[in-house]
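# Structural overview for review
What follows is each chain in one-letter form.
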Amino acid sequence: MECKIVSGGRFRIDGGAMFGVVPKSLWERQIPADDRNRVRLSCRALLLESVDGKDKILVDTGAGTKWSAKLADIYGVDRETPALVHSLAAHGLSTGDITEVLLTHLHFDHVGWNIDYTGSEPKPYFPNARYLAPQLDWDHFTKPEFAKDAPWVAENILPLEKMGILELIEDGHIVSDEIKAISTPGHT
């Protein structure tokens with residue numbers, strides 16, 4: 001498979017939350033914080049293309065543009081630029097060319113381009129793709145106690161299930177001839 005990096009957008013998050021116990025005096029030398037102590041992060045997705053051109057797998061979809069004004073301000077999200085669409089086009093692809101969307105986990109900055117709300121009805125951004133997501137994350141984020149604090153799941157994941165195009169996968173799932181899923185909960 002050929003691997004390419006594509007952009008899923010940019011956002012900002014609190015530097016202390018990002019770097020944890022590392023003192024600000026150390027991390028700020030490399031990544032300066034803004035006046036609200038936020039650092040800019042890029043959502044990078046991985047585009048995997050099989051040599052025969054049959055499989056075009058997108059790993060994660062970035063932050064998307066469906067942000068309320070309040071959350072866009074908090075997270076410093078550029079809601080106007082369809083970064084992922086432009087990034088795919090730079091590789092000669094459209095959203096219709098993607099055959100699978102493999103979600104590593106269900107955080108907001110990994111699932112934002114799953115659903116397109118620009119028409120009268122929500123539809124998948126990648127209309128010809130099957131969407132794969134970890135069963136463990138589904139089980140976690142759809143519990144009522146977590147779902148209330150994870151509105152991005154209701155916007156970007158639940159519609160896929162209702163459309164019948166979301167497949168929940170377990171450790172060892174065969175994604176394609178070249179890809180096998182390995183469960184590594186968290187940011188790994």
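Our subject is the structure listed above.
A brief look at the structure comes next. Everything quoted here is computed from the prediction, not taken from an experiment.

### Focus on the sheet that holds strand S1 (residues 2-14)
Read from one edge to the other, the open sheet built from six strands follows the order S1-S2-S3-S4-S7-S8, with strand pairing classed as mixed. For this open sheet the edge positions go to S1 and strand S8 (166-169), each flanked by a neighbour on one side alone. In this sheet, neighbouring strand axes are inclined to one another by 25° on average, regardless of whether the strands run parallel or antiparallel. Strand direction decides the pairing type here: S1 and strand S2 (residues 38-49), joined by eleven bridges, are antiparallel. Of the residues in S2, the one forming a bridge with Val-6 is Ala-45.

### Looking at the layout of surface pockets
Of the volumes computed, that of the largest pocket is approximately 450 Å³. Surrounding the largest pocket, 22 residues form its lining, Thr-104, Pro-134, Ala-181, Ile-182 and Ser-183 being those nearest its centre. Counting only elements with at least two residues in the lining of the largest pocket, the list comes to helix H6 (135-141) and strand S10 (179-180). Here the lining of the largest pocket gets three residues from one element, more than from any other, and that element is H6. Tallied by class, residues from the lining of the largest pocket come to eleven nonpolar, seven polar and four charged.

### Points about helix H4 (residues 83-90)
Every α-helix carries 3.6 residues per turn, so stepping three or four residues along brings you back to the same face. Turning to H4, its buried residues are Ala-83, Leu-84, Ser-87 and Leu-88. The buried residues of H4 occupy an angular sector of 130° when projected down its axis, which confines them to one face. Residues of H4 that are buried in the fold lie against S1, S2 and strand S3 (56-59). Of the residues trailing H4, Gly-92 is marked for its positive phi of about 80°.

### Examining unusual backbone geometry
With a phi close to 65°, Asn-37 is a non-glycine residue in the positive phi region. Its place among the elements puts Asn-37 in the loop between helix H2 (24-27) and S2. For Asn-37, a relative accessible area of 21% corresponds to the partly exposed category.

### Section: the nonpolar core
The biggest cluster of nonpolar side chains holds 38 residues, and the ones touching the most others in it are Leu-88, Ile-98, Phe-126 and Ile-157. Looking at this core, the elements that each hand over two or more residues are S1, S2, H4, helix H5 (108-111), strand S7 (130-134), H6 and helix H8 (151-156). If one sorts the elements of this core by residue count, S2 sits on top with five residues. Excluding residues within four positions of it along the chain, Phe-126 makes contact with Leu-58, Thr-61, Leu-84, Leu-88, Thr-95, Ile-98, Val-101, Trp-113 and Tyr-131. With nine residues, the next largest nonpolar core counts Leu-48, Ile-57, Val-175 and Ile-179 among its residues.

### A look at the packing of aromatic side chains
In this structure the tally under the stated criterion is eight aromatic pairs. Relative to Phe-108, the ring of Phe-11 lies with its centre 5.5 Å away and its plane at 75°, an arrangement referred to as edge-to-face. Residue Phe-11 is found in strand S1, and its partner Phe-108 is found in helix H5; the two are separated by 97 residues along the sequence. Look at Phe-19 and Trp-27: their rings are 4.9 Å apart centre to centre, the planes differ by 20°, and that puts the pair in the stacked class. For Trp-27, a relative accessible area of 6% gives the class buried.

Rules and cut-offs
Residues numbered from 1 in each chain as written. Predicted model: local features only at pLDDT ≥ 70, side-chain atom pairs only at ≥ 80, totals over all residues. Heavy atoms only, no water. Pairing = 2+ DSSP bridges. Helix = DSSP H or I, 4+ residues; strand = E, 2+ residues; numbered from the N terminus. Axes fitted to C-alpha atoms, helices over the stretch in contact; angles between N-to-C directions. 1 Å grid on protein atoms, 1.4 Å probe; cavity = no way out; pocket = protein on both sides within 12 Å on 5 of 7 lines; lining within 4 Å. Points joined across faces, edges and corners; volume = space filled by probe spheres on them. Nonpolar A, V, L, I, M, F, W, Y, C, P; charged D, E, K, R; others polar. Buried < 20%, exposed > 50% of the residue type's maximum accessible area, 1.4 Å probe, protein only. Arc of directions from axis to C-beta. Contact = heavy atoms within 4.5 Å. Core = buried A, V, L, I, M, F, W, Y, C linked by side-chain atoms within 4.5 Å. Phe/Tyr/Trp six-rings, centres within 6.5 Å; stacked < 30°, edge-to-face > 60°.

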